[in-house]
Amino acid sequence: MLSVVASPLSWTVVTTGRLVLRDWGNRMTDRPGVSRRRLLISGGIVAAAPWRPAEAADERDTAAGQPAREMAYTTAAARAATADGTQAPDEPYLDGAEIQGNVVPGFMKPYLAVAALTIGDVARAKGWLADVAPRVTTLAEAMQSRAKVRAHRGLGPERSRRLGTLPPGMNDVWLNIAMSSGGLSKLLRGGDHAGDLGLFTDQGFQRGLAARSALLGDPVDPSAAGNPANWLFGGPGREADVLLILAADRAEAGAGALAELRAHAVGSGLTVLYEESGHKLDAIGKEHFGFQDGISQPGVRGRLHDFPGDFITTRTIDPSSLPDAWLYGLPGQYLVWPGEFVFGYPRSAADPLIPGQVNLPGPAWSRNGSYLVFRRLRQDVAGFRAFLAESAEALAGQPGFEGVTPEWVGARLVGRWPSGAPVARLPYADDTGLGVDRLANNHFGFASDATEEPLVAGLKAGHWPDAGADPVGLACPMAAHIRKVNAREAANDLGGRRASFSRRILRRSQPFGPALGELTGPDPANGNRGLLFTCYQASIEDQFEFLCNGWMGSAKRPRSPGGFDMVIGQNGLPGDRRERSCTVFGRGAVTATLATMHDFVVPTGGGYFFSPSVSALKEVLAG
Ligand code: N7H
């Protein structure tokens, strides 16, 4: 065993043995079907007919943890049996006019701003909400625009030519609104739904982010920057009631709309606690540490309307050639039942092609809503770069690690190269072509080999090496960020593939602050740059919080030997015991351990919110 200590960021290198294991994922068989449903065409927007329970579910039972009745959602009315008699899964319709567009499909615009508000006079705040609710961008509206962008940029290697460009004339300005439990409490008080806040079963949401901060691993020392006492907003006594999310194709249009919204809110007695805008740092969508972000998202099962093949998540694998096709959207992108993210829809069940129980962990009007986690995460880019450089220098002298670079270390800590290319497919060097090829950049598993898949007509991925099974983490370490937060199909402490469905989140983040550029040494902005981290889910406790404290902040889970998520994970302990370490493999399966006391990501604000349906905003919460 070899141990080395380097300052200022302490780390050690430990060599041990070699391992090679192989594991196989399950295989499922199914075939596509065709569904029919009447469409509503209003105001030039094609939208699905509003969601209606086939049979009213007993929401009180559901909120109390009892199962909702079967079929309390609408699915395709008919499916055509295919030649061999098998059928596509019968997927639910998502209510395009009710679900806010940043939940599904996600705004994903170059400009994003957030504003955290507190309510003064409740009656005036309700009036303000009644004014702004009609401006909320819905799933149906966002889908239309996203489809145009996708058609313009393509999915495969051709994307590299169109990255960062927009279809001609595109100039959307989009708005979404969410409320904390404190905000809901104010808006519901004294009305017809006064007792409904208690029906939200999620304890994380009820108690709020500041109260749960220690559980997430944030520093408990009140003098530490990441302690809630020092947050810009969201700490004790500075919790937001309302969060506005505004996205735009062009920054000027976004900033103008934000100013107008702010003036209107302030004029209605609301106070702005915090406001910040973020923007894409480059055409590829890199975050401040220099890695492409936003690549791997769970595919949400479901339809908006029933044009054959028209799904919320684009299907790209040819089901006539590959029986597994109905498990995926893009290659490697598992489809997850919508009840994992949106209230009132079926969750996942043991068989990924069969809908589970309807998930409605709140009052009846919470249907089509979703929990929103917002965290302002400051990133110490200079500190992260220094750690990569020092680690690489020390490792490079060790057998099995000859020639490793800071970029190599970073790729092991994240699981992807800066371009987004997964180390599972390219273990030794980056290639931007793979990084931007959406038909290939997420096509890998950890337990089984992932070979080229037959794509539907008209789609073509680039030619890249296949990803081999990597059950031990020889290429993508167990502690790599992407492996800590998504076990994919590999065995883990929760069992097999199931965790890939019930622990997923819909990420909608955007960087804030200027890029550090090529600068080395101390950061002149003192780290005032980072990520406006935003994610949606149906349970804050079981999804976001679980990922933070169950996996990223655990040295042993989801699978050992691994270590902590070195990029984001915190270990929750005070003082010197905050050290985090992880294992990486060199050539010949030689291992080394990297360790640091340093938090590269520091929380500086945030909150837990609920993003209601459009009708709940207008009819339950507004005046
Ligand atoms: Fe993470 N990073 O730059 O290192 N993240 N993340 N994240 N993250 C991902 O697939 C990053 C954070 C997830 O399915 C990539 O988009 C940074 C939190 C999940 O393969 C990169 C911060 C949480 C995935 C980063 C940050 C997550 C993911 C790879 C904070 C949840 C998908 C590109 C400043 C609690 C994994 C991609 C999958 C991917 C980075 C925060 C979760 C590069 C800098 C707080 C689920």
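Residues numbered from 1 in each chain as written. Predicted model: local features only at pLDDT ≥ 70, side-chain atom pairs only at ≥ 80, totals over all residues. Heavy atoms only, no water.

Remarks on the overall build of the protein
The criterion, for reference: Helix numbering and strand numbering both begin at the N terminus, where a helix is a DSSP run of H or I of at least 4 residues and a strand a DSSP run of E of at least 2. Residue exposure (1.4 Å probe, protein chains only): buried if accessible area is under 20% of the type maximum, exposed if over 50%, otherwise partly exposed. Here, two residues are considered to be in contact whenever any of their heavy atoms come within 4.5 Å of each other. The protein chains shown are the only cover counted for residues, whose accessible areas, like all others here, come from Shrake-Rupley with a 1.4 Å probe.
For the protein, the count of helices and strands is 15 helices and 17 strands. In the protein, which comprises 623 residues, the proportion classed as buried is 58%. Excluding contacts between residues fewer than 6 apart, the proportion of contacts in the protein whose partners are at least 24 apart in sequence is 71%. Of the roughly 23,300 Å² of accessible surface on the protein, 53% is carried by carbon and sulfur atoms.

Quick notes on the coordination of the iron atom of the ligand
Operational definition: Atoms are scored as donors when they are N, O or S and lie within 2.8 Å of the metal, with 3.2 Å used for Na, K and Ca; no water is included, so coordination may look incomplete.
There is one protein donor for the iron atom of the ligand, namely His 481 (NE2), at 2.1 Å. Structurally, His 481 is set in helix α12 (residues 481-485).

What to know about helix α8 (residues 251-267)
Let me state the cut-off plainly: A helix's residues, less one, multiplied by 1.5 Å, set its expected span.
Between its terminal C-alpha atoms α8 stretches 24 Å, which fits the 24 Å expected from 17 residues at 1.5 Å a residue. Along its buried surface, α8 packs onto β3 (111-118), α2 (122-132), β4 (173-179), β5 (242-248) and β6 (271-279). Taken from the residues just after α8, Gly 269 is the one with a positive phi, measuring 90°.

Quick word on the packing of α2 against α8
This is how it is decided: Geometry is summarised by axes, namely lines fitted to C-alpha atoms with helices restricted to the contacting stretch, and by angles between N-to-C directions that run from 0 to 180 degrees. In this scheme, roughly parallel covers angles under 35 degrees and roughly antiparallel covers those over 145, while 65 to 115 is roughly perpendicular and the rest are oblique. Basically, the charged four are Asp, Glu, Lys and Arg, the nonpolar ten are Ala, Val, Leu, Ile, Met, Phe, Trp, Tyr, Cys and Pro, and anything else, Gly included, counts as polar.
Their axes nearest at 9 Å, the elements α2 and α8 cross at an angle of 150°. Overall, the two elements α2 and α8 adopt an arrangement that is roughly antiparallel. Facing α2, whose interface residues are Arg 124, Trp 128, Asp 131 and Val 132, α8 presents Leu 261, His 264, Ala 265 and Gly 267. For the contact of α2 with α8, a count of residues per class yields four nonpolar, two polar and two charged.

Observations concerning the packing of aromatic side chains
Note the following rule: Only the six-membered ring of Trp is used, alongside the rings of Phe and Tyr, when aromatic pairs are assigned; centres must lie within 6.5 Å, and planes under 30 degrees apart are stacked while those over 60 apart are edge-to-face, with the rest tilted. In this scheme, Lys NZ or Arg CZ marks a charge over a ring once it lies within 6 Å of the ring centre and within 35 degrees of the ring normal.
In the structure shown here, the tally under the stated rule is 25 aromatic pairs. One aromatic cluster is present, formed by Phe 200, Phe 205, Phe 343, Trp 365, Tyr 371 and Phe 610 through successive ring pairs. A cation sits over an aromatic face here: Lys 109 above Trp 174, 4.1 Å from the ring centre. We note Arg 315 situated over the ring of Phe 311; from NZ or CZ to the ring centre the distance is 3.8 Å.

Description of the pairing of strand β15 (residues 580-585)
What counts here: For two strands to count as paired, DSSP must find a minimum of two bridges between them.
Sheet topology places β15 next to strand β16 (residues 591-596); six bridges connect them, and they run antiparallel. Within β16, the position partnered with Ser 581 by the bridge is Ala 595. Taking the residues that link successive antiparallel strands as the turn, the β15-β16 hairpin has five residues, and the phi of Gly 588 there is positive, at about 75°.

Describing the site of the ligand
The condition that has to hold: If even one non-hydrogen atom of a residue comes within 4 Å of a molecule or strand, that residue is called near it. For the purposes of these results, a polar contact is taken to be a pair of N or O atoms within 3.5 Å, where, inside protein, one atom must be able to donate a hydrogen and its partner to accept one; residues adjacent in sequence count only when each atom of the pair is a side-chain atom.
The environment of the ligand is formed by 28 residues, the closest being Gly 294, Ile 295, Ser 296, His 481 and Arg 507. In the environment of the ligand, an oxygen atom lies 2.8 Å from a nitrogen or oxygen atom belonging to the side chain of Asn 486. Elements with a contribution of two residues or more to the shell around the ligand: β11 (370-379), α12, β14 (530-537) and α14 (540-552). Taken together, the residues of the shell around the ligand sort by class into 16 nonpolar, six polar and six charged.

Considerations on the side chain of Asn 442
Within the secondary structure, Asn 442 sits in the loop between α11 (432-436) and α12. Judged by its relative accessible area of 5%, Asn 442 is buried. Looking at Asn 442, its side chain comes within polar contact range of the side chain of Arg 488, at 2.7 Å. Not counting residues within four places of it along the chain, the set of residues in contact with Asn 442 comprises Ser 296, Pro 331, Gly 332, Gln 333, Arg 416 and Arg 488.

Details of the pattern of salt bridges
The line we're drawing: Salt bridges, as used here, are contacts in which a Lys or Arg side-chain nitrogen is within 4 Å of a carboxyl oxygen on Asp or Glu.
Taken as a whole and assessed by the stated rule, the structure comprises 18 salt bridges. Of the charged contacts in the structure, one is a salt bridge between Asp 466 and Arg 425, with a shortest N-O distance of 4.0 Å. One end of the pair, Asp 466, is in the loop between α11 and α12; the other, Arg 425, is in the loop between α10 (406-414) and α11, and 41 residues separate them in sequence. Owing to a relative accessible area of 6%, Arg 425 belongs among the buried residues under this scheme.

Quick word on the environment of Leu 426
Within the secondary structure, Leu 426 is located in the loop between α10 and α11. Here the alpha-carbon distance between Leu 426 and Trp 464, two residues 38 residues apart in the chain, equals 8.2 Å. Apart from residues no more than four positions distant in its own chain, Leu 426 is found in contact with Trp 417, Ala 421, Asp 431, Leu 434 and Pro 465.

A look at α2
To keep it simple, the criterion reads: The directions considered for the arc are those from the helix axis to the C-beta atoms.
Inspection of α2 places Ala 125, Lys 126, Trp 128, Leu 129 and Val 132 among the buried residues, and these make up the whole buried set. The arc that holds every buried residue of α2, seen down its axis, measures 160°, which confines them to one face. Of the surrounding elements, those touching the buried residues of α2 are β3, β4, α5 (181-188), β5, α8 and α15 (614-621). Sitting at the head of α2, Asp 121 places a side-chain oxygen 3.1 Å from the backbone nitrogen of Ala 123.

Description of the nonpolar core
Short version of the rule: The set of buried Ala, Val, Leu, Ile, Met, Phe, Trp, Tyr and Cys residues whose side-chain atoms join them within 4.5 Å is what this entry labels a nonpolar core.
Counting 104 residues, the largest nonpolar core has Leu 129, Ile 177, Leu 413 and Leu 621 as the members making the most contacts within it. If we skip the residues at most four places from it in the chain, Leu 129 touches Ile 177, Met 179, Leu 187, Leu 617, Leu 621 and Ala 622. If you look at the next biggest cluster of nonpolar residues, it comprises 50 residues, including Val 103, Tyr 274, Phe 311 and Tyr 536.

So, the confidence of the model for the protein
Applicable threshold: Across the chain, each position has a pLDDT score giving the predictor's confidence in that residue, from 0 to 100.
The predicted model of the protein has a mean per-residue pLDDT of 84, with 85% of residues at 70 or higher. Counting interchain partners and residues more than four positions distant, the pLDDT-below-50 stretch residues 1-71 has 176 contacts. Taken together, the stretch residues 76-85 has pLDDT below 50 and engages in 22 contacts with residues farther than four places along the chain or on a different chain.

Considering the environment of Ser 213
The residue Ser 213 is located in the loop between α7 (209-212) and β5 in this model. In contact with Ser 213, not counting residues within four places along its chain, are Asp 218, Pro 228 and Trp 231. A polar contact of 2.8 Å, which involves the side chain of Ser 213, links it to the side chain of Asp 218.

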